[in-house]
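# Report on the structure
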Protein chains: 2
Amino acid sequence: MPETKVKKSDDFNEWYNEIVELADLCDKRYPIKGMNVWKPYGWKLMNHVDQLIREEMVITDHQEVNFPLLIPESSFKKEEEHIEGFGSEVYWVTHAGLNKLEEKWLLRPTSETAMYPVFSLWIRSHADLPLKTYQIVNTFRYETKQTRAFIRVREIHFFEAHTCHVDFKDAERQIKEDKEIANRLFEKLSLPFIFNKRPDWDKFAGAFYTISIDVLMPSGRTLQLGSVHQYKDNFAKPYEISYETEDGKHAYCHQTTYGMSERILGALVGIHGDNKGLVMPPKVAPIQVVIIPIIFKGKEKPVLEACKNLCKKLDESGIKSHVDKREITPGNKYYDWEVKGVPLRVEIGPKDLEKKEIVIVRRDDGNKKSVLQSSSIKSIKEELDKISKSLFKNAKKLLDENMHRVQTIEEAKDLKGIVELPWCGTEDCALEIENILERNTLGEPIENEKCKYSCPVCGKPAKTWMRYAKTY
Amino acid sequence: MPETKVKKSDDFNEWYNEIVELADLCDKRYPIKGMNVWKPYGWKLMNHVDQLIREEMVITDHQEVNFPLLIPESSFKKEEEHIEGFGSEVYWVTHAGLNKLEEKWLLRPTSETAMYPVFSLWIRSHADLPLKTYQIVNTFRYETKQTRAFIRVREIHFFEAHTCHVDFKDAERQIKEDKEIANRLFEKLSLPFIFNKRPDWDKFAGAFYTISIDVLMPSGRTLQLGSVHQYKDNFAKPYEISYETEDGKHAYCHQTTYGMSERILGALVGIHGDNKGLVMPPKVAPIQVVIIPIIFKGKEKPVLEACKNLCKKLDESGIKSHVDKREITPGNKYYDWEVKGVPLRVEIGPKDLEKKEIVIVRRDDGNKKSVLQSSSIKSIKEELDKISKSLFKNAKKLLDENMHRVQTIEEAKDLKGIVELPWCGTEDCALEIENILERNTLGEPIENEKCKYSCPVCGKPAKTWMRYAKTY
């Protein structure tokens, strides 16, 4: 079987770039750098991820909305920290036709400043709360660093949930729900992750605190897939999002947001893929089972018939399958579907039919076995489940083996991946460690873990552990 | 039952504005005029329409893609007529952060000029053809006329299919398929329409010819819901979309596009709605059947049980239903669901249960009847089907009664709706008629109908009929 030119273990970044093109996920030749074309297969995958997110939104009672892309400068500028954080990263629309606009508009980098002036109209009384909304839209950031498909782009496919609550406590309950959503979602995607409470100097512009969702890529760098923000009433005050309480008083809402982006696709590609191509977790694969007829002259009919029957039975069981009837060799078909990461391949030939069997081949480990036709659906379901679990297990192993808790900077220096060091709680000491280790501060564990050691920089007693990693 | 403040028959445009807000479809108070917020119910409806479109795309083998929103000025300017047609209608991004862009970018008003430079990379040989793609995205037009929800907006929810073919003949086959798609789709939406071949001076900028899909609104104005364009090789030449033929020669592609927008929702609201609110065709209603328990003290349990059972059975039959258990009066519930246009209401009370019956009430004509519980699914399916047909029939009646074929301008003057007059084929005569009738030229029938009369302006023999109407 042909493999990628660059091996994943040799040069992860080059391998990633190759696989993204080979699997037909996107086209990077669009004339604006960092704005890529979603090709049909990539867009399908993204849509399947979105579908899993939407299912979570339904069970947690979030309503889908869709706000305008363009934001007037005056709406954007109401929250001071927010404009400081985003001001240099936004695209400005200044003209319509040949006319200069009276007020310039920006392309949303995220939608707080589009939504909150309208939320202030929607929310009148405590009976309107909690307000739980989300949208899946295109957002824009003026990236100056090197772009990379799905990981660092300038037009971003983005999920953002925005909620309003009666008080801080209820907003905290939302954060808890968001964490549960992340746990369920990323298990379906076979992506183990860690929550990191970002340090104060690196939280979202305007937030009270920020929790990031980070995965470890095989390159040893972490990739932030999403974040959950507690805003308190930081936005509610400037945007006047207030309500009448049960006893007739006036109070500001407390707000949260939960954002995730197309980086999820980047993680699926980078973490599960191998030198043959993508490996898609069954719950997100557009085709879960591909059926290949092994045809010899004169024996086409019963084989094709058996393939068609199996496909029908799989469909009825809610498993997305496809019979590849193209007139090319089975080997070429194997190659095509391996590149695309279809989790399970079924081969059916005359000999299998004689034995009333089918052959199933796992994409993740290449294991091949014959199972009885009579129990094919059961066997296929079991194998798909095994693949999900095995992908998760392998990714968890990668994460665990590359997370190191040490006490000194010296110990941390040669370690790959994420290191945890005692932290006194000051920005200065963390930045000093960043500099020495040439890594970024990821954040502290969200469990409020105590640390009995001393800060390796100032020697004062550590308040907690702090994580450092090279990041995308 | 409360009704709209403005009656549909008294002032259609005011009634339309009222109903859009009453049914919670969108919020027009966003600080940029003509850019509205999709509220959850409106967005759900739009998504259901999109779903019907996607089903058509699957059966006709179109692949969904997603191209960048921003288009470099240089890509936009390759086709001369196109820039002339759109140049004054686009929004320009000129700055990123504090920096002026080297080349300015526009927000897509439609995606020809985003897609075609990339198509020229995708298409190499006749084996790559036909290329059939589509996307559902946000597009932007700088509207200077008065905006109106779904009908004239500045950020437009837009469907656009783009296809490339070996020659004109194959592109013509695509146009035929597009017409079939429109026929199937708009029948599901209970929206009768007419195809109009736009006159040369009013075709899409860059097209060889344009066919519009127009419906008649109850105000007597037509609303264009979509269009199908034959481009010939008009874009393929400047964008260099060419391929190697089977005998090794070099040829340009012939292209078509098919566009439709959120105006479909405007038509659904305007044509089917009444003074109680929306009336949604069953195939697009987010909730098709709402079940209202009629509860008396002490008899709650069996009634709620029966409601739940029916809801479950409907779900299993693929009918989207909802039990309204809120603690408000049945009358208030009726009102809420009537405003939202749920096609069928089921009422279940203790007396109905005694008779082993349920009561079903049609939203479109208010007809109420009791049916046996044992055949409830069958009865409900039949009623939903009747509603679809009845909505179509009523809309068809409106259209037929307001389409008039006459021979003189004098006869046309007092007629409401669409008038057809003999046409000699010149722009001058059509514009003269436009002026006198204060209507716009819609286009000629696509069936190449002969007309044996004379042009009412110049008196020369007419080549065909031309349609005129006031338009949105």
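What counts, and at which threshold
- Residues numbered from 1 in each chain as written.
- Chains lettered and ligands numbered in written order.
- Predicted model: local features only at pLDDT ≥ 70, side-chain atom pairs only at ≥ 80, totals over all residues.
- Helix = DSSP H or I, 4+ residues; strand = E, 2+ residues; numbered from the N terminus.
- Rg over C-alpha atoms; globule rule 2.2 N^0.38 Å.
- Contact = placed C-beta atoms within 7 Å.
- Least-squares fit on C-alpha atoms with pLDDT ≥ 70 in both.
- Nonpolar A, V, L, I, M, F, W, Y, C, P; charged D, E, K, R; others polar.
- Pairing = 2+ DSSP bridges.
- Buried ≥ 20, exposed ≤ 12 C-beta atoms within 10 Å, placed from the backbone.
- Arc of directions from axis to C-beta.
- Core = buried A, V, L, I, M, F, W, Y, C linked by C-beta atoms within 7 Å.
- Domains from an automatic or database assignment.
- Axes fitted to C-alpha atoms, helices over the stretch in contact; angles between N-to-C directions.
- Parallel < 35°, antiparallel > 145°, perpendicular 65-115°, else oblique.
- Left-handed = near helix turned anticlockwise from the far one by under 90°.
- pLDDT = per-residue confidence, 0-100.

Helix and strand counts for chain A come out as 13 helices and 23 strands. Its C-alpha atoms give chain A a radius of gyration of 25 Å, within 12% of the compact-globule value 23 Å for 472 residues. For chain A, the spread of C-alpha atoms along the principal axes amounts to about 80 × 55 × 50 Å. Long-range contacts, defined as pairs at least 24 residues apart, comprise 66% of the intrachain contacts of chain A with a sequence gap of at least 6.

Expressed as a screw transformation, the operator carrying chain B onto chain A has a rotation angle of 180° and an axial translation of 0.0 Å, and the superposed copies differ by an RMSD of 0.0 Å. Taken together, the rotation and translation describe the operation of a two-fold axis. Taking C-alpha positions as the reference, the residue of chain B nearest the rotation axis is V93(B), at 2.1 Å. In this assembly, 100% of the residues forming the interface of chain B have copies in chain A that are likewise at the interface, indicating an isologous arrangement.

Take the interface of chain B and chain A next. Between chain B and chain A, the contact holds 39 residues from the first and 39 residues from the second. Taken together, the elements giving at least two residues each to the side of chain B that touches chain A come down to β2 (37–38), α2 (40–59), β3 (63–64), β4 (70–72), β5 (91–96) and α5 (112–122) of chain B. By residue number, the principal contributor to the side of chain B that touches chain A is β5(B), which donates six residues. In the side of chain B that touches chain A, the residues fall into 25 nonpolar, eight polar and six charged. By the bridge criterion, five bridges tie strand β5 (residues 91–96) of chain A to β5(B) in an arrangement that is antiparallel.

Turning to helix α1 (residues 12–22) of chain B, a few remarks are in order. Residues and elements named next belong to chain B. Of the residues making up α1, those classed as buried are W15, Y16, I19 and V20. With its buried residues spanning 135° around the axis, α1 presents them on a single face. Contact partners of the buried residues in α1: β1 (26–27) and α7 (263–272). Just past α1, the residue D24 takes up positive phi, approximately 60°.

All right, on to the sheet that holds strand β3 (residues 63–64) of chain A then. All names here are of chain A. Here seven strands make up an open sheet; going across it, the order is β3-β7-β8-β14-β11-β10-β9 and the pairing mixed. One side of each edge strand has no neighbouring strand; the edge strands of this open sheet are β3 and β9 (194–197). With ten bridges connecting them, strand β7 (residues 131–140) and strand β8 (residues 155–165) associate as antiparallel partners. The partner of T139 across the bridge, within β8, is I156.

With respect to topology, seven strands assemble into an open sheet ordered β3-β7-β8-β14-β11-β10-β9 (chain B), the strand pairing being mixed. Every interior strand has two partners, whereas the edge strands, β3 and β9 (194–197) of chain B, have only one.

With that settled, the discussion passes to the pairing of β7(A). In terms of strand pairing, β3(A) meets β7(A) through two bridges, oriented parallel. Pairing of E64(A) across the sheet is with Y134(A), part of β7(A).

For the bond running from L129(A) to P130(A), omega is -5°, close enough to zero to count as cis. Mapped onto the elements, P130(A) comes out in the loop between α5 (112–122) and β7. For K356(B), which is not glycine, the phi torsion reads 55° and is therefore positive. For K356(B), the position within the fold is in the loop between α10 (350–354) and β18 (357–362).

All names here are of chain B. Looking at where K393 falls in the secondary structure, it is placed in helix α11 (residues 376–401). For K393, a count of 12 C-beta atoms within 10 Å translates into the label exposed. In sequence terms K393 and L191 are 202 residues apart; their C-alpha atoms lie 9.2 Å from each other.

The next point concerns the nonpolar core. Y91(A), V215(A), V346(A), Y91(B), V215(B) and V346(B) are the most contacted members of the largest nonpolar core, which has 253 residues in total. In this view, Y91(B) contacts V93(A), A96(A), L106(B), L107(B), F140(B) and Y142(B); residues no more than four positions away in its chain are not counted.

The subject of this paragraph is the environment of H165(A). Turning to its location among the elements, H165(A) is positioned in strand β8. In this structure, H165(A) is in contact with L129(A), P130(A), D170(A), A171(A), Q174(A), C253(A) and H254(A), ignoring residues within four places of it in sequence.

The next subject is the domain arrangement of chain A. Under the domain assignment used here, chain A contains domain 1 (12–272), domain 2 (287–389) and domain 3 (403–469). Distance from the C-alpha centre of domain 2 of chain A to the C-alpha centre of domain 3 of chain A: 50 Å.

Before going further, it helps to examine the packing of α2(B) against helix α6 (residues 168–188) of chain B. Residues and elements named next belong to chain B. It is at 11 Å that the axes of α2 and α6 come closest, and there the two elements cross at 150°. As far as their axial angle goes, α6 and α2 are roughly antiparallel. Viewed along their axes, α2 and α6 form a crossing whose handedness is right-handed. Every residue of α6 that contacts α2 at L52, I53 and E56 is listed here: I181, R184, L185 and K188. When grouped by side-chain class, the residues that make up the contact of α2 with α6 number four nonpolar, no polar and three charged.

Another point: the confidence of the model for chain A. Averaged over chain A, the pLDDT score is 96; the fraction of residues at 70 or greater is 100%. On the interface metric, ipTM, the complex scores 0.96, and its pTM is 0.96.

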